[in-house]
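Below are the chains, spelled out letter by letter.
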Amino acid sequence: MAVRRAGLFTRLILCAHRRSRVQRPVLRLLSCPGTVAEGLRRDEPLSGSAETGSEEKTPEKKFFEVQNERRDQAQRTVLIHCPNKISEKKFLKYLSQYGPINNHFFYESFGLYAVVEFCQKESISSLQNGTHTPSAGMEAAIPFRSRFFNLKFKNPSHQASEPAAIQFSNQLPPSSRKLFDLLCCAKSVDDQLNTLLKEFEVTEENTKLRYLTCSLIEDIAAAYFPDCTVRPFGSSVNTFGKLGCDLDMFLDLGETGKPSTDKTLGNFLMEFQMKSVPSERIATQKILSVIGECLDHFGPGCVGVQKILNARCPLVRFSHQPSGFQCDLTTNNRIALKSSELLYIYGSLDSRVRALVFSIRSWARAHSLTSSIPGAWITNFSLTMMVIFFLQRRSPPILPTLDLLKTLADAEDKCMIEGNNCTFVRDLNRIHPSGNTETLELLLKEFFEYFGNFAFNKYSLNIRQGKEQNKPDSSPLYIQNPFETSLNISKNVSQSQLQKFVDLARESAWILQQEDQGPQSPSNHQPWGLAALLLPSRVSTKSLAKKKSKKAASERVKNLLESIKKNRTENLTST
Ligand code: GTP
Ligand code: MG
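The model shown is predicted, which means the values in this text are computed figures rather than measured ones. Numbering of residues begins from 1 in every chain and follows the order in which that chain's sequence is written. Starting at A for chains and at 1 for ligands, labels are handed out in the order in which the entities are written. In keeping with the predicted nature of the model, local features appear solely for residues at pLDDT of at least 70, side-chain atom pairs appear and are counted solely at 80 or more, and the whole-chain, interface and lining totals rest on all residues. Side-chain numbers come from the whole structure's heavy atoms, not from hydrogens or water.

A. Looking closely at the sheet that holds strand β7 (residues 302–308). Strand order in the open sheet made by the 5 strands is β5-β6-β9-β8-β7, with mixed pairing throughout. If you trace the sheet from one side to the other, it starts and ends with β5 (229–233) and β7, each paired once. Shown here is a sheet whose adjacent strand axes are inclined to one another by a mean of 25 degrees, direction ignored. Note on pairing: two strands pair once DSSP finds at least 2 bridges between them. Comment: elements are numbered from the N terminus, with helices defined as DSSP H or I runs of at least four residues and strands as E runs of at least two. Axis angles are defined between N-to-C directions and span 0 to 180 degrees, where every axis is a line fitted to C-alpha atoms and, for a helix, only to the segment in contact.

B. A look at the nonpolar core. Of all hydrophobic cores here, the largest spans 81 residues; its most connected members are Trp 363, Leu 444, Phe 448, Phe 451, Phe 456 and Phe 501. Where each domain begins and ends follows an automated or database-derived domain assignment. Taken domain by domain, the makeup of this core includes at least three residues from each of domain 1 (26–42 + 58–135 + 142–169 + 186–256 + 279–349) and domain 2 (351–541). In this description, contact between two residues means that some pair of their heavy atoms is separated by no more than 4.5 Å. Once residues lying within four places of it in the same chain are set aside, the contact partners of Phe 448 are Ile 360, Trp 363, Ala 505, Ser 508, Ala 509, Leu 512 and Leu 533. The definition of a nonpolar core used throughout is a set of buried Ala, Val, Leu, Ile, Met, Phe, Trp, Tyr and Cys residues joined through side-chain atoms within 4.5 Å. Whether a residue is buried, partly exposed or exposed follows from its accessible area with a 1.4 Å probe, protein chains only, as a fraction of its type maximum: under 20%, in between, or over 50%, in that order. Grouped together as the second largest cluster of nonpolar side chains are 30 residues, Leu 79, Leu 212, Ile 287 and Ile 291 included.

C. Summary view of the site of ligand 1. We call a residue near a molecule or strand when any one of its heavy atoms sits within 4 Å of it. Residues in close proximity to ligand 1 total 14 residues, the closest being Ser 235, Asp 246, Asp 248, Asn 380 and Asn 481. A distance of 2.8 Å is found between an oxygen atom of ligand 1 and a side-chain nitrogen or oxygen belonging to Ser 235. A 1.4 Å probe and the Shrake-Rupley method give the accessible areas. Residues count as covered only by the protein chains that appear here. Burial of ligand 1 by the surrounding chains reaches 77%, relative to a free accessible area of 600 Å². Of all the secondary structure elements, the ones that give two or more residues to the shell around ligand 1 are α10 (334–349) and α12 (380–392). Two domains each provide a minimum of three residues to the shell around ligand 1, namely domain 1 (26–42 + 58–135 + 142–169 + 186–256 + 279–349) and domain 2 (351–541). Pairs of N or O atoms are called polar contacts if they sit within 3.5 Å, as long as, within protein, a hydrogen donor faces a hydrogen acceptor (for residues adjacent in sequence, only side-chain-to-side-chain pairs).

D. Looking closely at the pairing of strand β3 (residues 112–118). Among the 7 residues that make up β3, 7 are buried, leaving the element largely enclosed by the rest of the structure. Neither face of β3 is exposed, since Leu 112, Ala 114, Val 116 and Phe 118 on one face and Tyr 113, Val 115 and Glu 117 on the opposite face are all buried. Note: strand β1 (residues 77–82) against β3, 6 bridges, orientation antiparallel. Opposite Ile 80, over in β3, you have Ala 114 as the bridge partner. Alignment of strand β2 (residues 101–108) against β3, held across 7 bridges, turns out to be antiparallel. Within β3, the position partnered with Asn 103 by the bridge is Glu 117. Here β2 hands over to β3 after 3 residues, with Phe 110 in that stretch at a positive phi of 50 degrees.

E. Here's a closer look at the coordination of the magnesium ion (ligand 2). Coordination here is defined by N, O and S atoms within 2.8 Å of the metal (3.2 Å for Na, K and Ca), and since water is not considered, a site can look incomplete. Distances from the magnesium ion (ligand 2) to its protein donors, Asp 246 (OD) and Asp 248 (OD), fall within 2.1 Å. The exposure class assigned to Asp 246 is partly exposed, which follows from its relative accessible area of 27%. Given the relative accessible area of 13%, Asp 248 is considered buried.

F. Highlighting the packing of aromatic side chains. Stacked, tilted and edge-to-face pairs are distinguished by plane angle, under 30 degrees for stacked and over 60 for edge-to-face with tilted covering the rest, among Phe, Tyr and Trp rings (Trp via its six-membered ring) whose centres lie within 6.5 Å. Applying the stated criterion across every chain yields a total of 20 aromatic pairs. Centre to centre, the rings of Tyr 107 and Tyr 113 are 5.5 Å apart; their planes meet at 15 degrees, and the pair counts as stacked. With respect to burial, Tyr 107 and Tyr 113 carry one shared label: buried. Both rings, one in Phe 451 and one in Phe 454, keep their centres 5.8 Å apart while their planes meet at 45 degrees; by these two values the pair is tilted. By relative accessible area, Phe 451 is classed as buried at 0%. One aromatic cluster is present, built from ring pairs that chain together Trp 363, Phe 390, Phe 447, Phe 448, Tyr 450, Phe 451, Phe 454, Phe 456 and Phe 501. Lysine NZ or arginine CZ positioned within 6 Å of the ring centre and within 35 degrees of the ring normal marks a charge as sitting over the ring. Taking NZ or CZ as reference, Lys 338 lies 4.8 Å from the ring centre of Phe 424, over its face.

G. Representation of the pairing of β5. β5 sits mainly inside the fold: 5 of its 5 residues count as buried. Along β5, one buried face is formed by Thr 229, Arg 231 and Phe 233 and the opposite face, lined by Val 230 and Pro 232, is buried too. Two strands pair when backbone bridges link them, and β5 and strand β6 (residues 247–252) are joined in this way by 5 bridges, in the antiparallel orientation. Within the sheet, the bridge partner assigned to Thr 229 lies in β6 and is Asp 252.

H. Region of interest: the confidence of the model for the chain. Per-chain confidence: the chain averages 84 in pLDDT, with 79% of residues scoring 70 or above. In this model residues 1–55 is a low-confidence stretch, pLDDT under 50, and it forms 132 contacts with partners more than four residues away in sequence or in other chains. Predicted confidence is poor over residues 569–575, with pLDDT under 50, and the contacts of this stretch with residues over four places away or in other chains come to 0 contacts. What pLDDT reports is the predictor's confidence in each residue, on a scale of 0 through 100.

I. Spotlight on the packing of helix α3 (residues 63–75) against helix α8 (residues 204–221). Direction vectors running N to C along α3 and α8 enclose 70 degrees, while the axes themselves pass 9 Å from each other. As far as their axial angle goes, α8 and α3 are roughly perpendicular. Residues Gln 67, Arg 70, Arg 71, Gln 73, Ala 74 and Gln 75 of α3 form the contact with α8, whose own contacting residues are Glu 204, Thr 207, Lys 208, Tyr 211, Leu 212, Ser 215 and Glu 218. Amino acids are sorted into nonpolar (Ala, Val, Leu, Ile, Met, Phe, Trp, Tyr, Cys and Pro), charged (Asp, Glu, Lys and Arg) and polar (every other residue, Gly among them). By residue class, the composition of the contact of α3 with α8 is 3 nonpolar, 5 polar and 5 charged. Throughout, the term roughly parallel applies to angles under 35 degrees, roughly antiparallel to angles over 145, roughly perpendicular to angles from 65 to 115, and oblique to all others.

J. Just the packing of helix α7 (residues 189–200) against helix α11 (residues 351–366), in detail. At their nearest, the axes of α7 and α11 sit 8 Å apart, and the two run at 80 degrees to each other. Accordingly, the angle class assigned to the pair α7 and α11 is roughly perpendicular. Each of Leu 193, Asn 194, Leu 196, Leu 197 and Phe 200 in α7 lies in contact with α11, whose residues at this interface are Arg 354, Ala 355, Leu 356, Phe 358, Ser 359 and Ser 362. Here the contact of α7 with α11 is composed, by residue class, of 7 nonpolar, 3 polar and 1 charged.

K. Molecular detail of the pattern of salt bridges. Salt bridge, as applied in this entry: a Lys or Arg side-chain nitrogen positioned within 4 Å of an Asp or Glu carboxyl oxygen. For the structure on display, the rule yields 22 salt bridges. Lys 208 is the partner of Glu 117 in a salt bridge, and the nearest nitrogen-oxygen pair spans 4.0 Å. Of the two residues, Glu 117 sits in strand β3 while Lys 208 sits in helix α8, which places them 91 residues apart along the sequence. Comparing Glu 117 with Lys 208 shows no difference in burial state: the two are buried. Residues participating in the shared-partner salt-bridge network are Arg 70, Asp 72, Arg 76, Glu 117, Glu 204 and Lys 208.

Shown next, in the form of structure tokens:
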């Protein structure tokens with residue numbers, strides 16, 4: 001293990017000695033991925049002069065305002081598969097004949113793609129009218145008109161041989177090699193956490209691509225349900241999204257049962273004639289089943305469509321090939337959208353929240369505590385809840401409890417979903433910033449210590465009240481669902497996975513403690529801080545278990561020897 005570690009770091013640790021124990025004040029981020037302003041602010045340093053809890057006031061947008069703005073942007077946007085040797089200037093000139101262009105970017109994913117946002121929606125139909133349906137040669141194409149196009153040269157030989165180089169927008173996280181490079185060259189542990197965040201967070205372009213993909217899927221679903229919307233939720237929009245994370249989509253068919261108040265003349269009420277099925281779940285399954293078929297047969301770029309309709313939350317899973325996103329489409333899942341909004345609030349309140357969550361998620365992934373395959377492991381969602389809970393427990397608290405957010409809510413924030421009270425304040429500007437100024441380094445260490453010693457056998461985590469409570473059942477890990485309060489979001493986690501988490505947390509706390517106490521010698525060319533935590537565990541769980549059983553065995557032998565000795569003494573005395 002040590003050899004592997006040394007190999008990986010040979011080049012990078014040269015700069016490890018450059019680190020210092022500088023503890024910088026933390027900047028309160030004014031925007032997050034998902035906000036339109038984010039792109040403008042990405043260049044701002046993550047550690048700067050403003051302190052957490054300072055009074056700077058730039059109004060933050062509400063979650064639904066961001067969603068609506070992004071959705072509107074996406075509806076004016078098209079996705080174009082381009083030939084490789086394309087001149088950007090000619091390309092834009094060609095497209096401008098359909099209407100003024102607001103912005104565009106190129107990216108590579110098994111070919112060259114362009115995302116082009118027009119200023120007006122009308123430009124899209126103008127472009128569609130100027131586009132022809134190809135004949136597919138030997139195969140038969142299904143003539144489906146979407147906003148995903150294929151651009152070809154009329155006459156490839158007329159194209160300039162060496163067009164000016166195009167700048168590509170990156171859609172993937174950095175390699176582990178590059179990440180370790182950056183972490184080892186950082187100036188402090190705080191700097192490391194902020195670096196990891198900056199490298200992994202979804203970019204402005206990636207966010208645009210996510211909203212565009214939802215918008216393209218919405219066009220397909222609209223063939224059945226013209227008033228539907230497809231909205232992203234989960235980590236794509238809750239400020240905890242990492243480049244490469246999946247795209248969770250919510251097919252919103254509008255709320256049933258709400259009478260329209262448009263025309264009130266006379267004592268009449270008009271209703272749609274509808275078919276009905278025995279339960280809400282069956283309705284969800286039927287809807288997702290036809291949308292799944294539709295995506296499979298007519299959705300350009302949608303491949304590997306699987307209908308997972310018997311899951312607790314039925315879904316259609318597919319790959320959207322041109323964007324490279326793994327998509328999960330659900331419906332009747334309004335509470336998950338509300339959870340995303342709550343996490344958006346928590347992620348935007350204090351810059352330390354996202355930095356800590358990104359690092360803990362990367363740490364968990366590096367040690368295989370989380371996985372993209374469903375199973376008995378902890379999920380990213382649960383890990384985020386653990387960080388939020390931990391930050392609520394600091395003194396003074398860094399994050400408010402959900403109950404406090406509820407008391408700050410006004411009449412417009414009131415929200416009931418399926419009988420569950422999901423009310424909390426949605427205006428970030430009305431939440432008082434925390435006075436806590438603890439560094440990320442301290443928080444990281446304390447996180448591991450806190451959960452390395454948490455009485456999981458007795459207590460559940462409750463972010464609504466911000467305190468532990470007696471567990472209502474025997475699940476190894478119990479994290480109360482914030483809105484459906486009788487549910488446990490980590491019900492799937494097995495005892496052995498929880499034990500692995502606890503062992504690794506203790507080990508990580510120990511590593512950080514050693515670094516604090518050890519001599520700070522520049523010749524100590526070892527990965528340090530967060531970089532050291534992302535390496536394979538020094539004490540693997542197996543060896544920990546072995547150590548434990550060895551210790552138990554030696555204890556047994558010792559006891560046996562002592563009892564023999566005692567017996568002999570007793571015998572001798574009696575003789
Ligand atoms: P990634 O791992 O980056 O995809 O994080 P994620 O937050 O997007 O998680 P995931 O894709 O697994 O789930 C998407 C969203 O569904 C989450 O953000 C939650 O809002 C919700 N969700 C996921 N798991 C649970 C759960 O066990 N219970 C509840 N109530 N909601 C969940
Ligand atoms: Mg997700």
